[in-house]
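# Reading the structure
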Amino acid sequence: MKLIIDVDTGMDDAQALLLALRSPQAQVLAVTCIGGNVPLDLVVRNTRLVVAAANWPGQPAPRVFAGCSRPLVSDGDGEIRATHYHGSDGIAGAWEKLTSSDSTKSEVEAAVNSVPVESMHAALGLIELVSQNKGEVTLLALAPLTNIALALRLEPRLGTWLRSLVVMGGAYQSMGNNERHLSAEFNFVHDPEAARLVLHEMLPCPRLIVPYEACLESSLPFDWAITWAAGGNAADEPKPLWRRLHELIVSHQCLMQRGQTFALTLAQPLAYRSCDLLAASICLLPSVASDVLEKRCTIELAGGVTRGQLVVDWFDKADRGLSKVATVSARFVTKVALDAYRALLFETLG
Ligand SMILES: [Ca+2]
């Protein structure tokens with residue numbers, strides 16, 4: 001499977017990259033970066049680190065492109081970031097921890113420097129690679145959709161050339177995870193215009209959305225997550241950089257998520273979840289999504305408190321001629337096959 005992954009790395013982006021790069025099924029052609037969870041320069045640095053750490057020795061590393069640092073139209077109410085959750089570096093403070101001693105500092109810096117950043121903008125790189133691999137590329141979108149929207153405006157045939165598009169984004173039941181826009185999910189609210197453009201115009205390639213509510217369904221026990229991240233293969237000592245990075249991230253995720261008491265109000269257990277990791281898993285192994293719903297939908301652009309919301313035509317009003325709202329059909333993951341998910345994670349990163 002040929003993949004291009006768009007990221008705002010981000011703890012869960014880092015894990016999604018680790019999973020894809022360590023997976024024998026995936027050939028990651030490129031990773032395109034965008035400012036989101038943290039500013040673009042940190043996203044690029046984190047991405048280079050993860051790519052260098054995770055790539056199999058002797059294998060060509062994916063090309064890394066830098067893209068947009070800001071949304072298409074506005075930056076909302078200022079810069080929408082997620083450092084309160086991901087840490088100021090975006091990867092659980094791993095940068096500071098891994099560079100605290102001279103030996104690991106030189107290892108980390110050498111890793112980052114071993115992955116060049118292309119001079120071409122991410123949107124142009126995306127167009128070039130998809131056009132060179134028509135019908136073969138799955139685009140895995142794990143960030144605000146600005147780079148992809150820009151590429152689509154520059155090359156409207158992108159949707160005919162892609163094999164498929166998998167998007168982590170949106171909250172189809174309005175269970176938003178952004179404090180400024182209660183009903184919207186982070187990636188969509190960060191750049192609602194881009195989300196709308198991609199959703200409405202990236203046609204006719206199949207489009208699968210992994211919404212935030214599906215991530216809430218992907219609960220795994222904290223103890224399992226800690227054991228998984230620790231690996232435990234004695235032959236693996238000293239632990240390679242990718243595994244140290246992974247352990248730091250999972251331990252920070254568990255720490256942050258133990259305080260997410262909102263889950264209890266949803267009758268969800270306090271448990272380990274990782275949105276982009278889930279989306280990457282579904283991309284690599286579609287049976288991880290045990291239930292998928294197809295509905296028409298759109299993105300709210302003007303709402304005072306609902307800007308960026310994924311709005312669903314629940315009663316198929318458009319199909320029955322009862323709605324004049326412009327909507328487009330998309331598929332949403334609604335249930336997660338936890339056994340398959342857990343097995344994939346353990347097999348690839350355990
Ligand atoms: Ca992300």
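Here the structure is a predicted model, which is why all the values come from computation and not from measurement.

### Some words on the sheet that holds strand E2 (residues 27–33)
Across the sheet, 9 strands lie side by side as E3-E2-E1-E4-E5-E6-E9-E7-E8; this open sheet has mixed pairing. Each of the sheet's edge strands pairs with one partner strand only, and the pair in question is strand E3 (63–66) and strand E8 (310–312). Each adjacent strand pair in this sheet contributes to an overall mean axis angle of 30°, direction not counted. Running over the sheet, helix H1 (residues 11–22) touches strand E1 (2–7) and E2 and is turned about 165° from E1. Contacts from helix H10 (residues 192–201) reach strand E7 (289–299) and strand E9 (328–336) within the one sheet, and its direction differs from that of E7 by about 110°.

### Quick word on H10
With 7 of 10 residues buried, H10 lies mostly within the body of the structure. Residues of H10 that are buried include every one of Pro192, Ala194, Ala195, Arg196, Leu197, Val198 and Leu199, and no others. At its buried positions, H10 is contacted by helix H7 (146–154), helix H9 (186–190), E7 and E9.

### Overview of the nonpolar core
Core analysis: the biggest nonpolar cluster contains 115 residues, and Ile5, Leu17, Ala20, Ala141, Val210 and Ala279 have the highest contact counts within it. Per element, the largest residue contribution to this core is 9 residues, and it comes from helix H2 (residues 40–54).

### Examining H7
Summarising burial for H7: 7 of the 9 residues are buried, a large majority. Residues Thr146, Asn147, Ile148, Ala149, Leu150, Ala151 and Leu152 constitute the buried set of H7. As for H7, its buried residues are in contact with E1, E2, helix H6 (122–132), strand E4 (137–141), helix H8 (158–161) and H10.

### What about the pairing of E4?
Most of E4 sits out of view: 5 of its 5 residues are buried. Residues Val137, Leu139 and Ala141 point to one face of E4 and Thr138 and Leu140 to the other, with burial holding for every one of them. Bridge analysis of E1 against E4 gives 5 bridges, and the strand direction is parallel. What sits directly across from Asp6, in E4, is Ala141. In the sheet, E4 pairs with strand E5 (residues 164–168) via 4 bridges, with the strands oriented parallel. For Thr138, the partnering residue across the bridge sits in E5 and is Ser164.

Rules used throughout
Residues numbered from 1 in each chain as written. Predicted model: local features only at pLDDT ≥ 70, side-chain atom pairs only at ≥ 80, totals over all residues. Pairing = 2+ DSSP bridges. Helix = DSSP H or I, 4+ residues; strand = E, 2+ residues; numbered from the N terminus. Axes fitted to C-alpha atoms, helices over the stretch in contact; angles between N-to-C directions. Contact = placed C-beta atoms within 7 Å. Buried ≥ 20, exposed ≤ 12 C-beta atoms within 10 Å, placed from the backbone. Core = buried A, V, L, I, M, F, W, Y, C linked by C-beta atoms within 7 Å.

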